[in-house]
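Architecture at a glance
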Amino acid sequence: NKYLEALFSEDSFVRLSHMPEQNVDYSKLSTFHTIVLSQLKNPSSGLIQALRNYLEQGGNVVIFPEITAPINVQNTLFTGLGVSNAKQLIKQEQRFMQMDSKNPFFQDLFEELPKASEFPAVKAYFDFDNSGETSEKLLELPGKRPWLSRFKIGSGQVFLFASGLNDQDSNLPNHPLYVPILYKM
């Protein structure tokens with residue numbers, strides 16, 4: 001993903017490694033502090049199981065779903081990792097309405113909390129089924145729809161975005177919140 005490369009490629013504290021979806025070396029997953037999944041169109045059962053093991057051992061996974069992929073394919077990944085399933089794709093511009101500013105995730109992230117009008121715009125996103133969830137909703141859209149949720153899985157955690165990391169889904173990649181949120185993960 002060009003936005004991840006732009007953010008991390010020059011950072012000497014981050015080792016950026018790109019693995020094509022069809023050619024993931026599962027044995028290397030445990031060497032990473034955080035794994036970012038972006039533009040994943042058809043995750044294999046082997047990849048899902050390797051990620052689940054990685055999470056159980058304390059790894060962090062960030063998911064920017066590929067919203068052009070069929071929902072049932074994305075839900076295979078979500079179910080396999082133990083996070084919310086997508087109910088539907090919504091293509092309607094929204095702005096974040098709620099931020100759980102008391103959540104430790106946001107402590108020391110901002111000098112001053114952003115106002116609702118300063119949040120990124122979302123153009124397309126998954127509406128997730130949150131019945132019985134134990135997730136933390138870090139950023140919400142109108143209607144209490146989560147846009148960024150955190151799930152504790154084993155000793156690890158999953159950060160699940162409702163949109164992909166691209167200009168078609170939201171303006172997050174070009175927004176001032178992008179850098180601090182990604183570095184916090």
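Residues numbered from 1 in each chain as written. Predicted model: local features only at pLDDT ≥ 70, side-chain atom pairs only at ≥ 80, totals over all residues. Heavy atoms only, no water.

Most of strand S2 (residues 60–64) is tucked away: five of the five residues are buried. Here S2 shows two buried faces, one formed by Asn-60, Val-62 and Phe-64 and the other by Val-61 and Ile-63. Where strand S1 (residues 34–38) and S2 come together, five bridges link them in parallel fashion. Note on S2: the bridge partner recorded for Ile-35 is Val-61. For the handedness criterion, the β-α-β arrangement of S1, helix H2 (residues 45–56) and S2 is classed as right-handed. Bridging between S2 and strand S10 (residues 156–161) involves four bridges; their strand directions are parallel. Note on S10: the bridge partner recorded for Ile-63 is Leu-160. (Buried < 20%, exposed > 50% of the residue type's maximum accessible area, 1.4 Å probe, protein only. Helix = DSSP H or I, 4+ residues; strand = E, 2+ residues; numbered from the N terminus. Pairing = 2+ DSSP bridges. Right-handed = clockwise from strand over helix to strand, strands pointing away.)

For the coordinates displayed, the defined rule picks out six aromatic pairs. Ring geometry for Phe-64 and Phe-161: centres 4.2 Å apart, planes at 15 degrees, overall stacked. Within this pair, whereas Phe-64 is found in strand S2, its partner Phe-161 is found in strand S10, the two being separated by 97 residues in sequence. Take Phe-64 and Phe-161: they sit in the same class, and that class is buried. Taking 5.6 Å as the distance between ring centres and 65 degrees as the angle between the ring planes, the aromatic pair formed by Phe-78 and Phe-128 counts as edge-to-face. Of this pair, Phe-78 sits in helix H3 (residues 71–81) while Phe-128 sits in strand S7 (residues 125–129); the two residues are 50 residues apart in sequence, bridging distant segments of the chain. Assigned by exposure class, Phe-78 and Phe-128 land together as buried. By the ring-pair criterion, three or more aromatic residues cluster together here, those being Phe-64, Trp-147 and Phe-161. (Phe/Tyr/Trp six-rings, centres within 6.5 Å; stacked < 30°, edge-to-face > 60°.)

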